[in-house]
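Report on the structure
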Amino acid sequence: MKKIFSRPESLKNVTTHYCAGCGHGLAHRLIAEVIDELNIREKVIAVAPVGCAVVAYDYWNFDCTEAAHGRALAVGTAIKRVRPDNIVFTYQGDGDLAAIGTNETIHAANRGENITAIFINNAIYGMTGGQMAPTTLLGQKTATTPKGRDVRFQGYPLNISLLLGTLPAVKYVERVSLHNPQEILKSKRAIKQAFQNQIDNIGFSLVEILSPCPTYWEMSSEKAMSWIRDTMTKEFPLRRIK
Amino acid sequence: MREKIIIAGAGGHGIMLLGKILAQGALREGREVTWLPAYGAEVRGGSAYCMVIISDRKIGSPYVEKADTLIAMNGLSLSRFKPRLKENGLLLFNSSLVTGKVSAKARIMGLPFTGTALKLGNVKVANVVALGAFIAGKKVLDKKNILRVIKDMAPQGKKDLIEINRKALCAGIGLINDKS
Amino acid sequence: MTGNEAVAEGAIQAGCQFYAAYPITPQNELIAYMAKHMPARSGQLNRVFIQAESELAAINMVFGASAAGKRAMTSSSSPGMSLKQEGISYIAGAELPAVIVNMMRGGPGLGNIAPAQSDYFQATRGGGHGDYHSIVLAPSSVEEAYNLMFLAFNLADKYRNPVIVLGDGTLGQMMEPLKKVRNPESKIQNYKKPWALTGCKGRKPNVIKSFYMKEGALEEFNLKLQKKYKEIEENEQRWEESFLDDAEIILVAYGTMARVCRDVVDNLREKGKKIGLVRPISLWPFPKKVFHRFTGKADQRKRFLVVEMSYGQMVDDVRLSCCGKAKVEFIGHSGGGIPTGEEIIRKINEKNI
């Protein structure tokens, strides 16, 4: 019998700590599949974030480092510069990439570092218990916006991908989503493109992935998926930004 | 032998460079030497000074609390640093820019550094005129070594600078020799 | 050569492969020297220079380059060092080698750009969060600054630990001859780095981290760190001493301040005063051993006078090292002025210590 589905070599044979319905496991797997398909596992160096995916290195089967909260792209910049033959990517949440690390993000992108950034946008802080993220939608209730995000006090959701798209040194930005199988396949294609760009020395590439957090959205897994489709994509439309 | 020098003036007078040439010259003679600038936010126009120590022995503090020689390129720096000159030290000041009578318990020599430089055709070499006056006044350094430093420091393609600086150095030496 | 340039040149000679920093007075000559010479003398080392967008980014770049197995360094001055503390804590926690230079200036806050030694506590106590230590080396001349860069990189690699080179604005700005006398310690010691991130070809994946969530795991790791620190304290105390055999008054000072004290010692020795000097070169580990010599009964007449460009920081370590058995006096200020030779002599005379 022909084996048509198995665990990618880039993924360790362990159970993740993620909540039921969380998007991180899916995103990890897509990255692992892409790395296997591009045959770069032995060259990859990953930079894990601070946030729910802090122990991503326990799940991926290639070289990894942690980075202080928000500093992944500074750490990644240096690794790629001193080891230009390796493939370096960062995996960061919305707080990491677009709040505490905005400075590192913008400047690594603006320098045109030839690295790949995977940006998980779930509009909430998961690890610390459901507080507002820079990407939290207007009206969205969180632990720190109990009455919903109010533009008068918390401003608008930060569209960091759009912002990065304006920088001349940024070569590829695409926003994708994990809310149904079709979008998941698109996500994988975008991730592959972002890695291929690095292999081809094209420059800074970023994939923003809208990802469900049923726990802190206080929804069922199924409802979380439709919330992305019906609500989140209104603020963050799925498209190739650059 | 230990010679402690304070060189002071306005930004743009070439104070730091004067100190550096002096320090490098001393280095060529195998002496111990320190050069310490007062560093500030001003680049042009503000005040500038540096401290140089030349010695036969290992130098401790690079700070010059009391100087054997003060080279002052303008009136402001003269009045500011005069109190830090040792009794009977050497005071070389730029008479082209300092007006009025100067008194101090020191060997006072007012010499036209800027005027001499202008006569040579480049006001910027006033610092090297002052350097010439210093080496003639204190005789702690050989003119040859200073000239070598100037030669080494001159940027590629600006070799004509060497000649005018040589002239400035000699003119500075001349200012002292004419006086004594 | 200025102290800043000597530090930079020393780092390059010591095999520095990665340097990132953000400009700040009074260490700007250092970053400019690296900008010019790191790429120009890249050779086989593939030396990288980056002007980072902040001190935070710079120290985290150092984290990355070091994780990738390269000799990495950053430099700054006091306010910038405060920003770097996050990264230094992570570097200590991930057991990565790194060299961090601090040419201290006046504080707190923006302070001023005059030389100071007020970051002694920050450097020697850890500075960032958690139970850790950086090795701290304090050069007092341009030549020593050059030579200590070799030691800094070697110790960093040997112990997989951050090493801080602590100078001040005076050292950074002053020019002094650099004779490059071959100090026996001034050569590159190569340490294998099997832990480095190079891509997992032919081996299991490597992971660099400082995160230990499993019950008991962090304590176990911290005990390992403490064992390492003990070993460093045993092996790496460094100091210079003069006239300790007969000295009744012993000055204690480091860096630029020790130079002022050396003049005082020379001056008073000529007048027959029994005075000596201890100059700590490693500030952590603090050279306790030299002070332990003077805690016996026979030595009780010895008096220490600690001189700092700060308001009593190193003096704590001297007191702890003397275990209450010797009299320890203090003189110091910071914020612009430095204690002068005259002032130190006045203190010695008036107190009749």
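Because the structure is a prediction, the values reported are computed rather than measured. (Residues numbered from 1 in each chain as written. Chains lettered and ligands numbered in written order. Predicted model: local features only at pLDDT ≥ 70, side-chain atom pairs only at ≥ 80, totals over all residues. Heavy atoms only, no water.)

Some words on the side chain of C:Arg71
Residues and elements named next belong to chain C. By secondary structure assignment, the location of arginine 71 is in the loop between helix H3 (55–67) and strand E3 (72–76). For arginine 71, a relative accessible area of 6% puts it in the buried group. A distance of 3.1 Å separates the side chain of arginine 71 from the backbone oxygen of glutamine 189, its partner in a polar contact. Dropping the residues within four chain positions of it, arginine 71 is found in contact with Ala14, Gly15, Cys16, Gln17, Phe18, Phe153, Asn154, Asp157, Ile188, Gln189 and Lys193. (Helix = DSSP H or I, 4+ residues; strand = E, 2+ residues; numbered from the N terminus. Buried < 20%, exposed > 50% of the residue type's maximum accessible area, 1.4 Å probe, protein only. Polar contact = N/O pair within 3.5 Å; in protein donor to acceptor, adjacent residues only side chain to side chain. Contact = heavy atoms within 4.5 Å.)

Digging into the sheet that holds strand E9 (residues 249–252) of chain C
Across a sheet, paired strands are connected by hydrogen bonds in the backbone, their directions being either parallel or antiparallel. Residues and elements named next belong to chain C. With mixed pairing, the five strands of this open sheet are ordered in space as E8-E10-E9-E12-E13. Only two strands of the sheet have a single neighbouring strand rather than two, namely strand E8 (239–242) and strand E13 (327–332). Neighbour to neighbour, the strand axes of the sheet diverge by 20 degrees on average, direction disregarded. In terms of strand pairing, E9 meets strand E12 (residues 303–308) through four bridges, oriented parallel. Looking across to E12, one finds that valine 252 is bridged to valine 306. Running over the sheet, helix H11 (residues 314–322) touches E9, strand E10 (275–280), E12 and E13 and is turned about 160 degrees from E12. (Pairing = 2+ DSSP bridges. Axes fitted to C-alpha atoms, helices over the stretch in contact; angles between N-to-C directions.)

Brief notes about the pattern of salt bridges
All names here are of chain A. Enumeration over the complete set of coordinates arrives at 39 salt bridges over all chains. Across the pair glutamate 9 and arginine 41 runs a salt bridge, and its minimum N-O distance is 3.4 Å. In this pair, glutamate 9 sits in the segment before helix H1 (24–37) while arginine 41 sits in the loop between H1 and strand E1 (44–48), placing the two residues 32 residues apart along the sequence. Between arginine 175 and glutamate 208 there is a salt bridge; the shortest N-O distance is 3.1 Å. Residue arginine 175 is located in strand E5 (residues 170–177), and its partner glutamate 208 is located in strand E6 (residues 204–210); the two are separated by 33 residues in the primary sequence. Comparing arginine 175 with glutamate 208, the two get one shared label, buried. (Salt bridge = Lys/Arg side-chain N within 4 Å of Asp/Glu carboxyl O.)

Describing helix H8 (residues 217–235) of chain C
Residues and elements named next belong to chain C. With 19 residues, H8 should reach 27 Å at 1.5 Å per residue; the first-to-last C-alpha distance of 27 Å fits that figure. Burial in H8 covers these residues: Ala217, Phe221, Leu225, Lys228, Tyr229 and Ile232. What you see down the axis of H8 is that its buried residues fit within an arc of 110 degrees, all on one side. In H8, the exposed positions angled more than 90 degrees off the buried face are occupied by Glu219, Glu220, Leu223, Lys227, Lys230 and Glu234. (Expected span 1.5 Å × (residues − 1). Arc of directions from axis to C-beta.)

Details of the pairing of strand E2 (residues 32–37) of chain B
All names here are of chain B. Among the six residues in E2, five count as buried, and that is most of the element. Bridging between E2 and strand E3 (residues 47–55) involves six bridges; their strand directions are antiparallel. Bridge pairing in E3 places tryptophan 35 opposite valine 52.

Observations concerning the nonpolar core
Core analysis: the largest hydrophobic core is formed by 165 residues, its most contacted members being C:Phe18, C:Met34, C:Met73, C:Leu251, C:Phe304, C:Val318 and C:Ile344. Per-element accounting of this core gives the leading share, twelve residues, to helix H6 (residues 142–159) of chain C. When residues of this core are assigned to domains, at least three map to each of domain 1 (3–235) and domain 2 (241–351) of chain C. Apart from the residues within four sequence positions on either side, C:Phe18 is in contact with A:Ala78, A:Val82, C:Met38, C:Val48, C:Ile50, C:Met61, C:Val62, C:Ala65, C:Arg71, C:Ala72 and C:Met73. (Core = buried A, V, L, I, M, F, W, Y, C linked by side-chain atoms within 4.5 Å. Domains from an automatic or database assignment.)

With respect to the interface of chain C and chain B
Facing the 22 residues of chain C at the interface are 21 residues of chain B. Of the roughly 1700 Å² buried between chain C and chain B on both sides combined, carbon and sulfur atoms contribute 58%. A per-residue breakdown of the area chain C buries against chain B is headed by C:Gln173, C:Met175 and C:Pro177, which together make up 32% of the total. Where chain C packs against chain B, one counts one salt bridge. The salt bridge partner of B:Arg2 is C:Asp263, with a shortest N-O separation of 4.0 Å. When residues of the side of chain C that touches chain B are traced back to their parent elements, those giving at least two are helix H7 (169–173), helix H9 (255–270) and helix H12 (341–351) of chain C. Broken down by element, the side of chain C that touches chain B gets its largest block of residues, four residues, from H9(C). (Buried area = accessible area lost by both parts, 1.4 Å probe.)

Some remarks on the interface of chain C and chain A
Of the residues lining the interface, 34 residues belong to chain C; the matching set on chain A comes to 33 residues. Our enumeration of links across chain C and chain A arrives at three salt bridges. Taking the shortest distance from any N to any O, the salt bridge between C:Arg203 and A:Asp63 comes out at 2.7 Å. The interface formed by chain C and chain A includes 17 residue pairs in polar contact (both at pLDDT 80 or more). Among the elements that take part in the side of chain C that touches chain A, H3(C) stands out by supplying eight residues, more than any other. Of the residues belonging to the side of chain C that touches chain A, the class tally is 19 nonpolar, nine polar and six charged. Of the strand pairs in this sheet, strand E2 (residues 63–66) of chain A and strand E7 (residues 207–208) of chain C are connected by two bridges, and their pairing is parallel. Along E7(C), the bridge assignment pairs A:Thr65 with C:Ile208. (Nonpolar A, V, L, I, M, F, W, Y, C, P; charged D, E, K, R; others polar.)

Everything listed here is a matter of geometry and, on its own, says nothing about what the molecule does.
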